[in-house]
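# Fold and contact review
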Amino acid sequence: MDTVSDVPYIVEATGLTKEFKGFAAVKNVDLRIRRHTIHALIGPNGAGKTTCFNLITKFLEPTRGTIRLNGRDITRTKPADIARLGMVRSFQISATFGHMSVLENVRVALQRPLGTSFHFWKSESSLSALNDRAMQLIADVDLTQYANHMAVELPYGRKRALEIATTLALEPEMLLLDEPTSGMGREDIARTSDLIKRVSENRTVLMVEHNLSVVANLSDRITVLARGEILTEGPYAEVSKNPQVIEAYMGTGHGHG
Amino acid sequence: MTTSHIATSAGQDGYSPVRIIIALAVLAVLLVAPFGVYPVFLMKVMCFALFACAFNLLLGYVGLLSFGHAMFFGGASYICAHAVKVMGFSPELGILAGTAFAAVLGLVAGLLAIRRLGIYFAMVTLALAQMFFFFCLQAPFTGGEDGLQAVPRRPLFGVIDITSDLNLYYVVLAIFIIGFAIIYRTVHSPFGQVLKAIRENEARAVSLGYRVHQYKLMAFVLSAALVGLAGSTKAIVFQLASLTDVAWQMSGEVVLMTLVGGMGTIIGPVVGAAVIVTMQNYLASLGEWVLVIQGVIFVLAVSLFRRGIVGEIVAFIQKRKDAAAN
Ligand SMILES: Nc1ncnc2c1ncn2[C@@H]1O[C@H](COP(=O)(O)OP(=O)(O)O)[C@@H](O)[C@H]1O
Ligand SMILES: [Mg+2]
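### Here's the deal with the domain arrangement of chain A
Residue and element names in this part refer to chain A. Once the domains are mapped, chain A shows domain 1 (1-91 + 174-190 + 200-257) and domain 2 (94-169). Relative to domain 2, the C-alpha centre of domain 1 lies at a distance of 27 Å. Domain 1 puts 14 residues into the contact, and the matching count from domain 2 is nine residues. At the boundary of domain 1 with domain 2, total buried surface from both sides reaches about 970 Å², with 59% on carbon and sulfur atoms. Looking only at domain 1, the three residues that lose the most surface to domain 2 are Arg 84, Phe 91 and Met 184, adding up to 34% of its buried area. At the boundary of domain 1 with domain 2, the tally comes to zero salt bridges. On inspection of domain 1 and its partner domain 2, the count reaches five residue pairs in polar contact (both at pLDDT 80 or more).

### Considering the sheet that holds strand E3 (residues 38-42) of chain A
Residue and element names in this part refer to chain A. In space, the six strands of this open sheet follow the order E6-E7-E8-E3-E9-E10, with mixed pairing throughout. Where the open sheet ends on each side, the last strands, each with one partner, are strand E6 (87-89) and strand E10 (229-234). Across the sheet, the axes of successive neighbouring strands diverge by a mean angle of 15°, strand direction being ignored. Both strand E9 (residues 221-226) and E10 contribute to a ladder of five bridges, which runs antiparallel. By the bridge assignment, Leu 225 is partnered in E10 with Ile 230.

### So, the site of ligand 1
Residues and elements named next belong to chain A. Close to ligand 1 lie Phe 20, Phe 23, Ala 25, Pro 44, Asn 45, Gly 46, Ala 47, Gly 48, Lys 49, Thr 50 and Thr 51. A distance of 3.2 Å is found between an oxygen atom of ligand 1 and a backbone nitrogen or oxygen belonging to Ala 47. In the complex, the protein chains occlude 60% of the 560 Å² of accessible area that ligand 1 would expose alone. Counting only elements with at least two residues in the shell around ligand 1, the list comes to strand E2 (23-34) and helix H1 (49-56). Looking at which element gives the most residues to the shell around ligand 1, the answer is H1, with three residues. In the shell around ligand 1, the residues fall into five nonpolar, five polar and one charged.

### Side note on the pattern of salt bridges
One pass over the full model with this rule turns up 15 salt bridges over all chains. Linking B:Glu200 and B:Arg199 is a salt bridge whose minimum nitrogen-to-oxygen distance equals 3.2 Å. Judged by relative accessible area, which is 28%, B:Arg199 ranks as partly exposed. Several salt bridges share partner residues, and in doing so they unite A:Lys58, A:Glu61 and A:Arg76 into one network.

### Some thoughts on the coordination of the magnesium ion (ligand 2)
With distances of 2.0 to 2.2 Å, the protein atoms coordinating the magnesium ion (ligand 2) are A:Thr50 (OG1) and A:Gln92 (OE1). Of this pair, A:Thr50 sits in helix H1 while A:Gln92 sits in the loop between E6 and helix H3 (102-110); the two residues are 42 residues apart in sequence, bridging distant segments of the chain.

### Things to note about the side chain of A:Glu124
You can see A:Glu124 is positioned in the loop between H3 and helix H4 (131-140). Despite being buried, A:Glu124 has no salt bridge partner; B:Lys196 is the closest side chain of opposite charge, sitting 4.1 Å away. Within the structure, the side chain of A:Glu124 is placed 2.7 Å from the side chain of B:Gln193, a separation counted as a polar contact.

### So, unusual backbone geometry
Residues and elements named next belong to chain A. The backbone of Asn 28 sits at a positive phi, close to 50°, despite the residue not being glycine. Tracing the chain through its elements places Asn 28 in strand E2. Positioned with a positive phi, Lys 58 is a non-glycine residue whose angle comes to about 70°. With respect to the helices, strands and loops of the structure, Lys 58 is situated in the loop between H1 and strand E4 (64-69).

Here is what the cut-offs are and how they apply
- Residues numbered from 1 in each chain as written.
- Chains lettered and ligands numbered in written order.
- Predicted model: local features only at pLDDT ≥ 70, side-chain atom pairs only at ≥ 80, totals over all residues.
- Heavy atoms only, no water.
- Domains from an automatic or database assignment.
- Contact = heavy atoms within 4.5 Å.
- Buried area = accessible area lost by both parts, 1.4 Å probe.
- Salt bridge = Lys/Arg side-chain N within 4 Å of Asp/Glu carboxyl O.
- Polar contact = N/O pair within 3.5 Å; in protein donor to acceptor, adjacent residues only side chain to side chain.
- Pairing = 2+ DSSP bridges.
- Helix = DSSP H or I, 4+ residues; strand = E, 2+ residues; numbered from the N terminus.
- Axes fitted to C-alpha atoms, helices over the stretch in contact; angles between N-to-C directions.
- Near = heavy atom within 4 Å.
- Areas by Shrake-Rupley, 256 points an atom, 1.4 Å probe, with all protein chains shown as cover.
- Nonpolar A, V, L, I, M, F, W, Y, C, P; charged D, E, K, R; others polar.
- Buried < 20%, exposed > 50% of the residue type's maximum accessible area, 1.4 Å probe, protein only.
- Donors = N, O, S within 2.8 Å, 3.2 Å for Na, K, Ca; no water.
- Lys, Arg positive; Asp, Glu negative; His and termini not counted.

See the structure below:
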């Protein structure tokens, strides 16, 4: 197997299937994500979008199918090692470290490369070398004023922003964002949307997103999932006119977009 | 605001003058304490306080509830007592042997239990501890029901006399301070930061590239070793190792101490251990009733002050601070 990093597709999932006790949440999905693009995964609730994320990042073992990252087979790789290969995910429910400060949240993502993460005899102050970088990442998501707050105290939109800062701390080549703007107000949505645009410049983004104007604005390509299967794939203009897509959205009485 | 300013106020690691004064005051009290209170009682409190602190490293800072920590406490106690009494080890080497044994036992138990979550983790540790209990009951070197009695108190390092309780008190105090310092440092270390992250959100820690099982295992071994240090020291203090220390009730008692004092706080377990040991001592004449009273205290503790004694005090101070700030 070759692991050239200049294959056009950074992620290639083939025949991805996940069954939960006989119920197929994801069925035979082929997903190819082109490098340096923003790729959106949309579909009604329960379509299997989060499950796809869990499979690609190996938080779930696929029942069938293979996953390649930069041409390298990662179907049997452990989730922590996926992050080390440059693919980092966020979670649908905001995932911060609640009883740690905003600064500590970001710093814990930065500290692994120091190689002292098992050093229980070293002082925490040895981590302060990372503070400048952490504060820079925090400033990038407009959280400077919250740097000393416990993450649990932040308003919801700010928690999501913190999650993005923490994800970016790993300088991932590939980001998977699961509903990054869900639960946000108009202003937060605009800010997050700009942020995603900005960080995608030299990265690849796969995102699940319900807000169709965000999808329309940001994504180069869209995959529509319904009942675990791919309905269609293409640029927004094409996908949004597809009668099957319109039906899938209307059919479930889905109030989004 | 500069970043360095933020750093000092964000880290809870600050050595502020107030903290240093408090620490020195506590140390002064501990140094004169044996002149007012029975040294043996104080040593017992310190052994259990170290036991509870080491247990809390796992429960409070990683979120793992072990229900088998008696195997490390009692196991180390047997090894230390055996090494000193039968093999003629000096006390410091006996304590070291007990601690090392607990670390190895911790590694084995940890490898078997660490991948289980929540109640399953508690059950696996309990099952392993029960197996260890029956091993101790059957094995010839533990002295069965009698235990290992009359463990000699040989001179420490061959020179320091510890036959007097007062002298031994200072040795135990030093051991307690070393153990406590190791735990404090661990909590406030780069490793401790990862442990907190795992406690707060394990999946997120994984997604950031941390192989969380390795960190949990490391914490488990550290905890077991420090519990072993406490158990070995207890064997020297009481000149005895017995089945009491490996029984499941002992695993329960340390949970009780930690919860009553306040889990996840650095001195909560010390307070909890002091409260429970004091209670046991003063209520000893009531016989079986001690257990009932302990049960009642436990129920009261978890229903009235969920955060434990120290946890509630910290929360109260925090609330007043917040109120003052607004
Ligand atoms: N761990 C699980 N066990 C059983 N069923 C699951 C599990 N995770 C997801 N599902 C089911 O799989 C389907 C797809 O879920 P999900 O991927 O979360 O959808 P989406 O993110 O598109 O809303 C749903 O019907 C859900 O109930
Ligand atoms: Mg979802």
